[in-house]
Structure formats: structure tokens, C-alpha cells
2 protein chains.
Amino acid sequence: MRVLGVDPGLTRCGIGVVDGAPGKPLRMAGVGVVRTPADADIGERLVLIERGIEAWLDEHRPQFVAVERVFSQHNVRTVMGTAQASAVALLCASRRGLPVALHTPSEVKAAVTGSGRAEKAQVGAMVTRLLRLDAPPKPADAADALALAICHIWRGTASDRLRQAVAAQRLRTPKGTA
Amino acid sequence: MRVLGVDPGLTRCGIGVVDGAPGKPLRMAGVGVVRTPADADIGERLVLIERGIEAWLDEHRPQFVAVERVFSQHNVRTVMGTAQASAVALLCASRRGLPVALHTPSEVKAAVTGSGRAEKAQVGAMVTRLLRLDAPPKPADAADALALAICHIWRGTASDRLRQAVAAQRLRTPKGTA
């Protein structure tokens, strides 16, 4: 199975694509970041994120999309931007009938390091080891997106077939004007 | 000028279309609500909101879009959904090269009632009067969307031509894969 992970953000949206299955070796299929200029209008930034994510989906054709679940305990302005960037990722995936899962940061950390409270560096180190990379992917948003994809491969499989079937079914309803 | 106002929400997204200019009578061109089922996946709900807003833009061809600015002083879960619905509205407008303005709830209240702290009923009453309607539009989200459009007509004109030119210019850049 191929999973595209998205660590949403307005300034940097981390993207990581991983192939794998529970109990089998993982392989990184791609990693990168969609960036938008901080001085652009919010609407334009969301359009740029949409174009970037669409390009990744077109190129890598994942079967699942995993997006980091946004919490609001942090800085309010940042959280709003993160929620808006995540909305674009969810929209792009759902529009294609791809099943989308949300994982919390602590679920992701626990999946790749064994501890939900692991530091960023530890997550980067485990991603590097699990994917047999030469160095941790940079920036951290890119490493986090890979960790998210790995988390999904290891956690998400139980209900994925059902979710995939339901998502595909729903998309068969009349398309309207979207 | 024709303005489409959006009061964003996942369950009910209010839409109001108003024609007018500062100092001239206002005319309601349309009002309604885009609804999504609370039991659907977040991705699907955003797809439904996108389809709904696209249908309104196709039918009414506004020159400007005004979206309520989301704040996070309220319930955290609600705010996340509101931020995500507003992202879809901003995306739909910006993708078409339409200039988008964000107005705060108190700016909208002040514009139509004279007080930034007006109650919902007062906003509804003034919208009804200003647009010469027989009764206040329901639900409140629909009335709020009309108030937002009126607010934009009265407040937003100074910088609108510049914004419109800039938005159109930026959209002429290569489209990528969006």
C-alpha cells in the first residue's frame, strides 16, 4: 500500500510518500515541502497549496492519505492557518475518492518511536532508520509527513478497506458543479 | 457591484448575494445555505461545501467575495470546522481570480446596525430593512451572509480595484496542476 502523509501548514506543508505493509520493509517513494509566500493573500496561499498537493497526488498516486490532526493548544494564528491548510489537503484527497485518515501528533510519535512524547529529533532519527535513508529528511515538516505515512501504514489498515469502499461509493453520487 | 458573502460553517454555510454601491439602494440577488451531514467524514463535508459554493459562484457571478473572519475565542471544535469551511470558500474564490475580503463579526454588525456589539436579531432586522425584504432571512447564517455582503459593499470599495487587479494578475501565472 502507498500512503501520502501531509503535515499541514501555510508556510510549509510537509509531504511524504511511503510504500509498505505491516510487518514488511518500508520504502520512501518521495518527500518534499509545498511552500507559499508569507506575504501573499490567504486565498492565494490556499490555491498554491492545492496546486502543490494535486501535483503530488498526480505524480505518486497514493491509495491513502494521512493528515496530521490539528489541535488548538498552540498559537491561535498558527492553528487557524494549519486548520485551513489541512482543509485543502482533505479536500484534494476526498475529491479523488481517496480515503483520508487523521492522526494526532502523539499517535505519530508513538508509532515511530514507541513514545507519544518523543522529541522532533527522535522522530527524525527513527524515520531515517525505518526508511534506510542516509540522513534525516529536512525540513522537519518533511520528516513529520513521512512519520505520518508510516504511522498510517502500521495503524490504519484494519478499517481501511471499508473506508476506501465507502469513499469510492459516495463519490459516485452526482458530481454537481465541483 | 455584486458581492457574495459567506458565513462559513461545516453544518450550515450561509450564502448571501447583494448588488449595490455606496450611497445607492441595495438589492438582494440570492440567499441560502449550503448544508453538510454531521455524520459524514470531514473530507466529504469539505467536498460538499466546495460543490455548493461553486454552484453559487457559477449562478451569481459575483465580482467580490466576502468571508467572515474566524476567531478562536469560541468552542475549539467549532472553530476548527469554521476555519476549514472558510478555507474552502477562500479557495473557491481565489481560484477564479475573485478578490476576497475578510470581515470580522463586529465589523459586520457595526456596518449594518451602527454597533459592533449588536444582537443577532438586530442584524436580521437591519438586513431585512436594508434589502426591503418581507421577513428576516432564515436561518441566521443566511442573514449573516447578507450582512457580510452589505458590509463589504459599504466598507470595501476603497481598495477593491487594486485588489481585483492584483488577484487577476497573480492568476495569470502558470497554472501548475490545480
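Residues numbered from 1 in each chain as written. Chains lettered and ligands numbered in written order. Predicted model: local features only at pLDDT ≥ 70, side-chain atom pairs only at ≥ 80, totals over all residues. Heavy atoms only, no water.

1. Details of the sheet that holds strand β1 (residues 2–7) of chain A
Residues and elements named next belong to chain A.
Here is step 1: Sheet architecture is open: 5 strands sit in the order β3-β2-β1-β4-β5, paired in mixed fashion. Both outer strands of the open sheet, β3 (27–35) and β5 (100–103), are each paired with one neighbouring strand and no more. Mean inter-strand twist for the sheet, computed between neighbouring axes without regard to direction, equals 20°.
Here is step 2: Summarising the sheet, β1 and strand β4 (residues 64–68) pair through 4 bridges and their orientation is parallel. Bridge assignment links G5 to a residue of β4, and that residue is A66. (Pairing = 2+ DSSP bridges. Helix = DSSP H or I, 4+ residues; strand = E, 2+ residues; numbered from the N terminus. Axes fitted to C-alpha atoms, helices over the stretch in contact; angles between N-to-C directions.)

2. A word on the UniProt feature "active site" (unreviewed entry) in chain A
Residue and element names in this part refer to chain A.
Here is step 1: As recorded in UniProt, the feature "active site" (unreviewed entry) lies at D7, E68 and D141. Across 135 residues, the annotated set stays spatially compact, with a maximum C-alpha separation of 10.8 Å.
Here is step 2: For D7, the position within the fold is in strand β1.
Here is step 3: Ignoring any residue separated from it by four or fewer positions in sequence, one finds D7 in contact with R12, C13, G14, E68, D141, D144, A145 and L148.
Here is step 4: Looking at where D141 falls in the secondary structure, it is placed in helix α5 (residues 140–155).
Here is step 5: With near-sequence residues (within four places) excluded, D141 lies in contact with D7, R12 and G14.
Here is step 6: There is a polar contact of 2.9 Å between the side chain of D141 and the side chain of R12. (UniProt positions renumbered as here; feature names shortened; annotations may be inferred. Contact = heavy atoms within 4.5 Å. Polar contact = N/O pair within 3.5 Å; in protein donor to acceptor, adjacent residues only side chain to side chain.)

3. Considerations on the packing of helix α3 (residues 105–113) of chain A against α5(A)
Residues and elements named next belong to chain A.
Here is step 1: It is at 9 Å that the axes of α3 and α5 come closest, and there the two elements cross at 75°. Considered as vectors, α3 and α5 are oriented roughly perpendicular to each other. Residue-level contacts link E107, V108, A111 and V112 of α3 to A147, L148, I150, C151, W154 and R155 of α5.
Here is step 2: Class assignment for the residues of the contact of α3 with α5 results in 8 nonpolar, no polar and 2 charged. (Parallel < 35°, antiparallel > 145°, perpendicular 65-115°, else oblique. Nonpolar A, V, L, I, M, F, W, Y, C, P; charged D, E, K, R; others polar.)

4. Here's the deal with unusual backbone geometry
Residues and elements named next belong to chain A.
Here is step 1: Residue P139 follows K138 across a cis peptide bond; omega there is -5°.
Here is step 2: Following the sequence through the fold, P139 ends up in the loop between α4 (120–130) and α5.
Here is step 3: Within the chain, R61 stands out as a residue other than glycine whose phi angle is a positive 45°.
Here is step 4: Examined against the element boundaries, R61 turns out to sit in the loop between α1 (42–60) and β4.

5. A few points about the UniProt feature "binding site: Mg(2+) 1" (unreviewed entry) in chain A
Residue and element names in this part refer to chain A.
Here is step 1: With numbering aligned to this structure, UniProt lists the feature "binding site: Mg(2+) 1" (unreviewed entry) at D7 and D141.
Here is step 2: The class for D7 is buried, based on a relative accessible area of 8%.
Here is step 3: By relative accessible area, D141 is classed as buried at 15%. (Buried < 20%, exposed > 50% of the residue type's maximum accessible area, 1.4 Å probe, protein only.)

6. Side note on helix α5 (residues 140–155) of chain B
Here is step 1: For α5(B), with 16 residues, the first-to-last C-alpha span of 22 Å sits near the 22 Å given by 1.5 Å per residue.
Here is step 2: Among the 16 residues in α5(B), 13 count as buried, and that is most of the element. (Expected span 1.5 Å × (residues − 1).)

7. What to know about the environment of A101(A)
All names here are of chain A.
Here is step 1: Tracing the backbone through its elements, the reader meets A101 in strand β5.
Here is step 2: Judged by relative accessible area, which is 10%, A101 ranks as buried.
Here is step 3: Separated by 32 residues in sequence, A101 and R69 have C-alpha atoms that sit 8.9 Å apart.

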